[in-house]
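# Architecture at a glance
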Amino acid sequence: MIKNQKICKIVEEFSLYLLENNIKDLTIGISNCDDQVIINFSFSGYIQAIKDYVLLHIKGQRDPQIEEYGWELMGEGAYDDDLGIINALIDEINYLEQNNKTIVRMVRYES
C-alpha cells in the first residue's frame, strides 16, 4: 500500500508541475512490475524550462531517509520543494524529445 501511495505522490506532484508550466496534452502511463515501476509522462511539444529543470534538478538519487519519512510531506509546501522529494523517490530519470513529443520516464526499483 505505501509503495502505491509513493507512486501516486510522484505522479501527482510532477503532473502538477507540468500543468503549472502550461502543458495541454498530458498522458501518464504506469508500468508496475515485480522489480520496478516505470512512470512515463508524455506531452506534446517542448518547453525549455521543463527540460532545464528535469535535467538539472531531478537526477534519480533515491534517499532512504526521505523514502522512509519525508515522502508523506509532499504537497504540503511549494511545489518546487516537492519536486526535490521526487528526486529522492526515484532511481532513474530520462528525458526524450521525438516527433514533437516529450517523454519524461521515471523508474523506481523495488526490492
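Before reading on, note that the structure itself is shown above.
Residues numbered from 1 in each chain as written. Predicted model: local features only at pLDDT ≥ 70, side-chain atom pairs only at ≥ 80, totals over all residues. Heavy atoms only, no water.

What follows is about the nonpolar core. A general trend in soluble globular proteins is that nonpolar side chains are found buried together. Phe14, Leu18, Ile39, Phe41, Val104 and Met106 are the most contacted members of the largest nonpolar core, which has 24 residues in total. Aside from chain neighbours lying at most four places away, what touches Leu18 is Ile23, Leu26, Phe41, Phe43 and Ile50. (Core = buried A, V, L, I, M, F, W, Y, C linked by side-chain atoms within 4.5 Å. Buried < 20%, exposed > 50% of the residue type's maximum accessible area, 1.4 Å probe, protein only. Contact = heavy atoms within 4.5 Å.)

Pairing geometry for strand 3 (residues 92-98) and strand 4 (residues 101-109), over seven bridges, is antiparallel. Its bridge partner lying in strand 4, Glu97 is registered against Thr102. Following strand 3, the chain reverses through two residues before pairing antiparallel with strand 4; Asn99 in that reversal takes a positive phi of roughly 50 degrees. (Pairing = 2+ DSSP bridges. Helix = DSSP H or I, 4+ residues; strand = E, 2+ residues; numbered from the N terminus.)

Turning our eyes to something else, we now look at the pairing of strand 2 (residues 36-44). Taking burial as the measure, the nine residues of strand 2 include seven buried ones, the bulk of the element. Where strand 1 (residues 26-32) lies against strand 2, seven bridges are found, and the strand directions are antiparallel. Residue pairing for strand 2: Asn32 is matched across the bridge by Val37. Counted along the chain from strand 1 to the antiparallel partner strand 2, the turn is three residues long. The pairing of strand 2 with strand 4 spans nine bridges and is classified as antiparallel. Residue pairing in the sheet places Asn40 in a bridge with Arg105 of strand 4.

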